[in-house]
Amino acid sequence: MERQMLRAALDKLRQMDALDECQQEVDPKFELGAVLKYFKNERPILFNRVKGSQIPVVGGLFGNRDIYYKMLNTTTADRLFHFMKAIANPQPTRLLKDGPIKENIITRNIDIRRLLPIPTFHSEDSSSFITAGVVVIKDPKTGNSYTSVRRLQVNSGAELSVLVASPFATQQYLDFESSNRPMAVAVILGYDYHFLLASQISSYTYGVDKYQVDSALRGEALALVKCHTVDLEVPAYAEIVLEGIMPPNKRKAEGPFGELMGYYGGVGQHPIMEVKCILHRSNPIFQTAFPCREEHLSNGLIREMELYHSVGNLVKVKDVNVTVSGGCRFHAAVAIEKQNEGDGKSAILGALASSKDLKHVVVVDEDVDIYSHDDLEWALATRVQASRDMVIIPGALGSGLEPSHAIAGVTDKLGIDATKPLGKGAEKFERAKIPGYEEVNIEKYFPEKKIKGGNGV
Ligand SMILES: Cc1cc2nc3c(=O)[nH]c(=O)nc-3n(C[C@H](O)[C@H](O)[C@H](O)COP(=O)(O)O)c2cc1C
């Protein structure tokens, strides 16, 4: 049985009863995205009948924390250390002579729209978009492979526009362009949880081969094969690979596109990709990602690791949550084990320094559940005095992916210290307790009903 990439992940999801299969025909224009959005992208769905195509489409795979942890074989408590270990100890990959991805090789008459069921998501989107494609490039100096999700706008025939918002990949493309050479790229569809997570670490910050980080994360060598037309490797068990080049000195209009925060991103001039070859397995499955906050959870998981480390340099951290509601980048809740007065404010400094994108952070004590909006609001309501506990930094560098600021990317930062005082002052913040509450078996009192909610059940 296969152990890597999408089919292996779907098998495991089926075993966990976490995959829904839709047998009703769906239109890739608006309808498919609407169904994914209805379930908040927290439910993996395989659409077996997609209008105008023989190829099924899968989406909603990566938006649920519990599923993500189970698929990675990790837990809330262990995840951050698991990721740190993999980045610090990349492991070798395994190059196979051949693999299922090479079962079909198309080099002629490439018409991407005709070949693949590529969804259109929002009314003002400029075109259909490949939103789950992991783009791989190779650093000519080190030979390292760098993977990352980039959205790809379908232009016409074999041409896509590529949105690259990354210092490393942008520089590499500009280096190729300055000597008038094309940059080889491949777009990978049909991957799994480890592969996506490894792709989300910053190439610029870590400079490690992301295929090797994937091997370390999954605990076995990632199986690769060589591409057909470019000097790149791709996963042997992926579903679909688009091989091609990004030619120098060519830019085309990209956007508008309904982005993760639910607003349209504008039109910009961006490089293009000319697709020269398509590899695909027999009976391939096309992978998509509805553009929404939940689909960025993998990115948020990496940010959490960096946030934990940055705050941990200053104070004792219990856990961190880069919230999905905040787009997996703008908002964080940090639980600390306060040892000194001032730790709350220091934690704010550490948090805001961990990433330019982080905009608002709340720091709480370890008795607050940072995954519960309810508990966080309770801490804000009962442990905060604004004049004492808020830190505002006006006009810092931020992310342009939300529209609230006057100059794109320049944004105010806010930290709220919602920790209680230490020592005698802490007494009045003690939570009222009911002895035996944790052990209450509520079904005993209502044997006829299926009880939901309550004390964690
Ligand atoms: C669903 C999803 C969509 C993304 N879309 C883009 C994109 O269109 N362009 C981009 O540059 N980064 C995008 N990202 C973020 C990058 O994939 C991520 O920052 C990158 O892999 C980090 O590697 P890098 O340093 O090589 O850019 C997306 C991430 C996810 C999870």
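Right above here is the structure, for reference.
Residues numbered from 1 in each chain as written. Predicted model: local features only at pLDDT ≥ 70, side-chain atom pairs only at ≥ 80, totals over all residues. Heavy atoms only, no water.

A.B. asks: Explanation requested: the environment of Gly143 in the structure shown.
C.D. replies: Inspection of the secondary structure puts Gly143 in the loop between strand E7 (134-138) and strand E8 (145-149). Take Gly143: its relative accessible area is 34%, and that puts it in the partly exposed class. Residues contacting Gly143, with those up to four places away along its chain left out, are Lys138 and Asp209. (Helix = DSSP H or I, 4+ residues; strand = E, 2+ residues; numbered from the N terminus. Buried < 20%, exposed > 50% of the residue type's maximum accessible area, 1.4 Å probe, protein only. Contact = heavy atoms within 4.5 Å.)

A.B. asks: Mind showing me how you'd approach the site of the ligand here?
C.D. replies: Lining the immediate surroundings of the ligand are 19 residues, of which Arg150, Arg151, Ala165, Ser199 and Ser203 lie closest. Within the contact set of the ligand, an oxygen atom lies 2.7 Å away from a backbone nitrogen or oxygen of Ala165. Between the ligand and the protein, one listed contact pairs an oxygen atom with a side-chain N or O atom of Gln200 at 3.2 Å. In isolation the ligand exposes 640 Å². Once the protein is present, 85% of that is buried. Those elements that place two or more of their residues in the shell around the ligand are E8 and helix H10 (297-312). Tallied by class, the residues present in the shell around the ligand amount to five nonpolar, 10 polar and four charged. (Near = heavy atom within 4 Å. Polar contact = N/O pair within 3.5 Å; in protein donor to acceptor, adjacent residues only side chain to side chain. Areas by Shrake-Rupley, 256 points an atom, 1.4 Å probe, with all protein chains shown as cover. Nonpolar A, V, L, I, M, F, W, Y, C, P; charged D, E, K, R; others polar.)

A.B. asks: Any chance you could explain H10 here in plain terms?
C.D. replies: Since the α-helix turns once every 3.6 residues, residues separated by three or four places project in the same direction. Look at H10: 22 Å from first C-alpha to last across 16 residues, which is about the 22 Å you get at 1.5 Å a residue. Along H10, 13 of the 16 residues are buried, which leaves the element largely enclosed by surrounding structure. (Expected span 1.5 Å × (residues − 1).)

A.B. asks: What exactly am I supposed to notice about the environment of Pro271 here?
C.D. replies: If you trace the backbone, Pro271 turns up in strand E18 (residues 268-280). A residue is classified by how much of its surface remains accessible, and Pro271, at 9% relative accessible area, is buried. Separated by 149 residues in the primary sequence, Pro271 and Lys420 place their C-alpha atoms 51 Å from one another. The residues touching Pro271, leaving out its near neighbours within four places in the chain, are Ser161, Val162, Tyr173, Met246, Lys250 and Arg251.

A.B. asks: Could you clarify how one ought to interpret the pattern of salt bridges in this entry?
C.D. replies: A side chain of one charge can pair with a side chain of the opposite charge if their charged atoms are brought near each other. Throughout the structure, instances matching the rule amount to 35 salt bridges. When the shortest N-O distance is used, the salt bridge between Arg281 and Glu2 registers 2.6 Å. In this pair, Arg281 is assigned in the loop between E18 and strand E19 (286-287) and Glu2 in the segment before helix H1 (5-15), connecting sequence segments 279 residues apart. Here Arg281 falls in the buried class, since its relative accessible area comes to 4%. The partner of Lys226 in a salt bridge is Glu233, with the nearest N and O atoms 2.8 Å apart. (Salt bridge = Lys/Arg side-chain N within 4 Å of Asp/Glu carboxyl O.)

A.B. asks: Would you explain the side chain of Arg151 in this entry?
C.D. replies: Residue position: Arg151 is located in the loop between E8 and strand E9 (152-156). Classification of Arg151 by relative accessible area gives buried; the value is 13%. Of the polar contacts made by the side chain of Arg151, one reaches the side chain of Glu254; its length is 2.8 Å. Reaching out from Arg151, the side chain makes a polar contact with the side chain of Glu259 at a distance of 3.0 Å. Those residues in contact with Arg151 that lie beyond four places of it in its chain are Phe129, Ile130, Ser161, Val162, Leu163, Glu254, Phe257 and Glu259.

A.B. asks: Help me understand unusual backbone geometry in this model?
C.D. replies: Working note: non-glycine residues mostly have negative phi, and peptide bonds are mostly trans. Following Gly255, the chain continues to Pro256 via a peptide bond in cis, the omega torsion being 0°. Note that Pro256 resides in the loop between strand E15 (251-254) and strand E16 (257-258). Despite not being glycine, Phe30 shows a phi value in the positive range, around 70°. Tracing the chain through its elements places Phe30 in the loop between strand E1 (20-22) and helix H2 (31-38). Here Asn109, not a glycine, exhibits a phi torsion of approximately 45°, which is positive. Relative to the assigned elements, Asn109 resides in the loop between strand E5 (104-106) and helix H5 (112-115).

A.B. asks: Sorry, what's going on with the sheet that holds strand E22 (residues 360-365) here?
C.D. replies: In a beta sheet, neighbouring strands pair by backbone hydrogen bonds and run either parallel or antiparallel. An order of E20-E21-E22-E24-E23 is seen for the five strands of this open sheet, with the pairing classed as mixed. Pairing within the sheet leaves two strands with one partner each, and these edge strands are strand E20 (317-322) and strand E23 (390-397). Each adjacent strand pair in this sheet contributes to an overall mean axis angle of 15°, direction not counted. Two strands pair when backbone bridges link them, and E20 and strand E21 (residues 331-336) are joined in this way by five bridges, in the antiparallel orientation. Along E21, the bridge assignment pairs Asp319 with Ala335. Together, E21, E22, E23 and strand E24 (410-417) form the strand contacts of helix H11 (residues 343-352), whose direction differs from that of E24 by roughly 150°. (Pairing = 2+ DSSP bridges. Axes fitted to C-alpha atoms, helices over the stretch in contact; angles between N-to-C directions.)

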